[in-house]
Structures are given as structure tokens and as C-alpha cells.
Amino acid sequence: GQQLNQSPQSMFIQEGEDVSMNCTSSSIFNTWLWYKQDPGEGPVLLIALYKAGELTSNGRLTAQFGITRKDSFLNISASIPSDVGIYFCAGQLWQGGSEKLVFGKGTKLTVNP
Amino acid sequence: DGGITQSPKYLFRKEGQNVTLSCEQNLNHDAMYWYRQDPGQGLRLIYYSQIVNDFQKGDIAEGYSVSREKKESFPLTVTSAQKNPTAFYLCASSPSTGELFFGEGSRLTVL
């Protein structure tokens, strides 16, 4: 089945540093989504990417959909303590006549003040 | 405000009991989903429904059941057949464009 390989699994950084994480797959996806999950809460959608090569920013967040539609990266600039959480990538594709969303296993981010 | 409401947020169950988790949305989304999350794991799909009165099994449907009698509601029952039910359960809905919007989750603990 489809798999998303998300890396790194965890990151420990100092406040103010930039962060980069990525997801790769052998499958081609129609849409790529990035979510953030705070402890004990549901994931919140950060950025949605629809076109190959698309580069989208949301404040300090920047994400790009790979040109082959098989990968994506998320960058966070000038990290702050509230960036702490788990970041998930998710790829959407059509399979068997319905939409299927595949999630990566997440990148756990810790920001030291 | 529009959104997805899950209840209860915390639930304790004795072994052998069925429990039902509620999920209600007022976003007018056709599709709704249930995911299970275990520590250090990604999200695993239990059941999904793309339209009222219809639903499909996800990757880990055994021991779970759902119903979709109304567009707004998609309750999940964790039955006694689920051997390891302690987990964080997430409900989501999506519009036609496909992005998932999640509720705040329900944490089920089996005593």
C-alpha cells in the first residue's frame, strides 16, 4: 500500500532557529497537506498544496509540493516555543473510485527557549 | 461557530463493555472519518462515510462499528471485540476539495 516516509521523527531546536522536515513516497498524490497537532488535541490544517511544484507560505511556514508529486517539505522560520507539537504530512489520491488520505507518522518538534 | 465536536473528551471503559463516541459537525461536509492514534504512531483510518446512510471500512475496522443516519453525525462504537481499545480517537470531516478538518479527539482508556 501507499506509504509516506516522514523525517526526521523528532527534532530538538533552540528558539529562533529554522526548521525543515519532509515527506517522501513512491506514490503520486493529487494533494498534499501539512497538519500540526498539539498534545491532547486534534490536528489542525496548516497548509494545503494542490499543484506540482507549488510553493505556499502561511506566516512563518513555507511548504512545497514536489515536481514529481511524490514529496513535500515544510519549513518553519524563526521558531518560537508555541511551535512545539507533532507535524504530520498527508497525501491524497484516488484509489478504487474514492479519495484516500495517507498520513506520515509525524515529526515531533521540541523548541527550547 | 462552525466546527467538529467530539464527546466525551475522556472516557473510561471496563473490559467487555461497548462504548460510543460522538462526532457532530455543522460544516455541511458530506464526508466524515474516524481515525485511531496510538503514541508515536500516525493516524490509522477506522471507518469513513462519504454520504448519508453509507460507510466503508478503513484499514483497522475490526472491533468497531459506525452509523451515518444524518449528515451532521457519525458516531463510532468501540465494541468488546476490539482487543486493544485504549487510544486517542479522532473524528474528521471534509468538503469536496478533500482537506480534512479534525475534532479535538476523545481519549478512551480501558480499565
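Scoring rules and cut-offs
Residues numbered from 1 in each chain as written. Chains lettered and ligands numbered in written order. Predicted model: local features only at pLDDT ≥ 70, side-chain atom pairs only at ≥ 80, totals over all residues. Heavy atoms only, no water. Helix = DSSP H or I, 4+ residues; strand = E, 2+ residues; numbered from the N terminus. Contact = heavy atoms within 4.5 Å. Buried < 20%, exposed > 50% of the residue type's maximum accessible area, 1.4 Å probe, protein only. Disulfide = S-S within 2.5 Å. Core = buried A, V, L, I, M, F, W, Y, C linked by side-chain atoms within 4.5 Å. 1 Å grid on protein atoms, 1.4 Å probe; cavity = no way out; pocket = protein on both sides within 12 Å on 5 of 7 lines; lining within 4 Å. Points joined across faces, edges and corners; volume = space filled by probe spheres on them. Nonpolar A, V, L, I, M, F, W, Y, C, P; charged D, E, K, R; others polar. Pairing = 2+ DSSP bridges. Axes fitted to C-alpha atoms, helices over the stretch in contact; angles between N-to-C directions. Patch = residues over 30% accessible without salt bridge, like charges linked within 9 Å, V, L, I, M, F, W, Y side chains within 5 Å. Areas by Shrake-Rupley, 256 points an atom, 1.4 Å probe, with all protein chains shown as cover. Salt bridge = Lys/Arg side-chain N within 4 Å of Asp/Glu carboxyl O. Buried area = accessible area lost by both parts, 1.4 Å probe. Polar contact = N/O pair within 3.5 Å; in protein donor to acceptor, adjacent residues only side chain to side chain.

Colleague: So, the environment of R69 of chain A: which residues are in play, and what are the values?
Modeller: Residues and elements named next belong to chain A. With respect to the helices and strands, the residue R69 is situated in the loop between β7 (61-65) and β8 (71-76). Distance from R69 to L33, taken between C-alpha atoms, is 12 Å for residues 36 residues apart in sequence. With residues near it in sequence (within four places) discarded, R69 still touches S27, I28, F29, N30, W32, Y50, K51 and A52.

Colleague: Lay out the side chain of S93 of chain B with the relevant residues and their values.
Modeller: All names here are of chain B. Secondary-structure assignment places S93 in strand β9 (residues 87-94). When its relative accessible area of 0% is taken as the criterion, S93 is described as buried. Dropping the residues within four chain positions of it, S93 is found in contact with I4, Q25, L27, H29, A31, M32, Y33, E99, L100 and F101.

Colleague: Summarise the state of the cysteines; cite the residues concerned and give the values.
Modeller: A complete count under the given rule lists two disulfides over all chains for this structure. Disulfide pairing is shown between C23 of chain A and C89 of chain A; the S-S distance is 1.8 Å. Residues C23 of chain A and C89 of chain A are joined by a disulfide whose S-S torsion is about -90°; by sign, that bridge is left-handed. With C23 of chain A in strand β3 (residues 19-24) and C89 of chain A in strand β9 (residues 85-95), the pair connects residues that are 66 residues apart, well separated along the chain. Since its relative accessible area comes to 0%, C23 of chain A is described here as buried. Overall, C89 of chain A belongs to the buried group, its relative accessible area being 0%. Each sulfur in the disulfide pair C23 of chain B and C91 of chain B lies 1.9 Å from the other.

Colleague: Now, about the side chain of D83 of chain A: what can you tell me, with residues and values included?
Modeller: Summarising the element assignment, D83 of chain A is placed in the loop between β8 and β9. Ignoring anything within four residues of it in the chain, the contact list for D83 of chain A reads K36, R60, I76, L109 and V111 of chain A.

Colleague: If you had to explain the nonpolar core to someone new, which residues and values would you point to?
Modeller: As a rule of thumb, nonpolar side chains are buried together in soluble globular proteins. Membership of the largest hydrophobic core comes to 23 residues, with the highest contact counts inside it found for W32, W34, L74 and L109 of chain A. Within the residue set of this core, elements represented by two or more residues are β2 (10-14), β3, β4 (31-37), β5 (44-49), β7, β8, β9 and β11 (107-112) of chain A. Counting 19 residues, the second-largest nonpolar core is a separate cluster that includes L21, C23, C91 and L108 of chain B.

Colleague: Hey, could you go over empty space enclosed by the protein for me, with residue numbers and the actual values?
Modeller: Going through the model one piece at a time under the given rule, you end up with one cavity of 30 Å³ or more. Reported here for the largest cavity is a volume of approximately 30 Å³. Lining the largest cavity we find Q92, E99, K100 and L101 of chain A together with Y33, G98 and L100 of chain B. Considering each element in turn, the lining of the largest cavity owes the most residues, three residues, to strand β10 (residues 98-103) of chain A. Grouping the constituent residues of the lining of the largest cavity by class yields three nonpolar, two polar and two charged.

Colleague: Which residues make up the sheet that holds β7 of chain A, and what values go with them?
Modeller: Residue and element names in this part refer to chain A. The sheet built from five strands is open, its strands ordered β1-β3-β8-β7-β6 with antiparallel pairing. Strands at the two margins of the open sheet, each flanked by one partner only, are β1 (5-7) and β6 (55-58). Recorded for the sheet is a direction-independent mean angle of 15° between the axes of neighbouring strands. Note that β3 and β8 share six bridges and pair antiparallel. Across the sheet, the residue bridging to T24 is D71, located in β8.

Colleague: I'd like a rundown of a nonpolar patch on the surface, residues and numbers included.
Modeller: Among the surface-exposed residues, Y10, F12 and L111 of chain B lie close enough to one another that they form a single nonpolar patch of about 400 Å² accessible area. Turning to its location among the elements, L111 of chain B is positioned in the segment after β11 (106-110).

Colleague: Which residues make up the interface of chain A and chain B, and what are the values?
Modeller: Taken residue by residue, the interface counts 19 residues in chain A and 20 residues in chain B. Buried surface at the junction of chain A and chain B, both sides included, amounts to about 1500 Å², of which 49% is carbon and sulfur. Looking at the side of chain A facing chain B, the largest losses of area belong to P43, E99 and F103 of chain A, adding up to 26% of the total buried there. Counting every contact that joins chain A to chain B gives one salt bridge. The closest approach of N and O atoms between D59 of chain B and K100 of chain A, which form a salt bridge, is 3.8 Å. The interface formed by chain A and chain B includes four residue pairs in polar contact (both at pLDDT 80 or more). Those elements that place two or more of their residues in the side of chain A that touches chain B are β4, β5, β9 and β10 of chain A. Take the side of chain A that touches chain B: its biggest share by element is five residues, from β10 of chain A. Here the residues of the side of chain A that touches chain B sort into nine nonpolar, six polar and four charged.

By themselves, these observations are geometric and do not establish any function.
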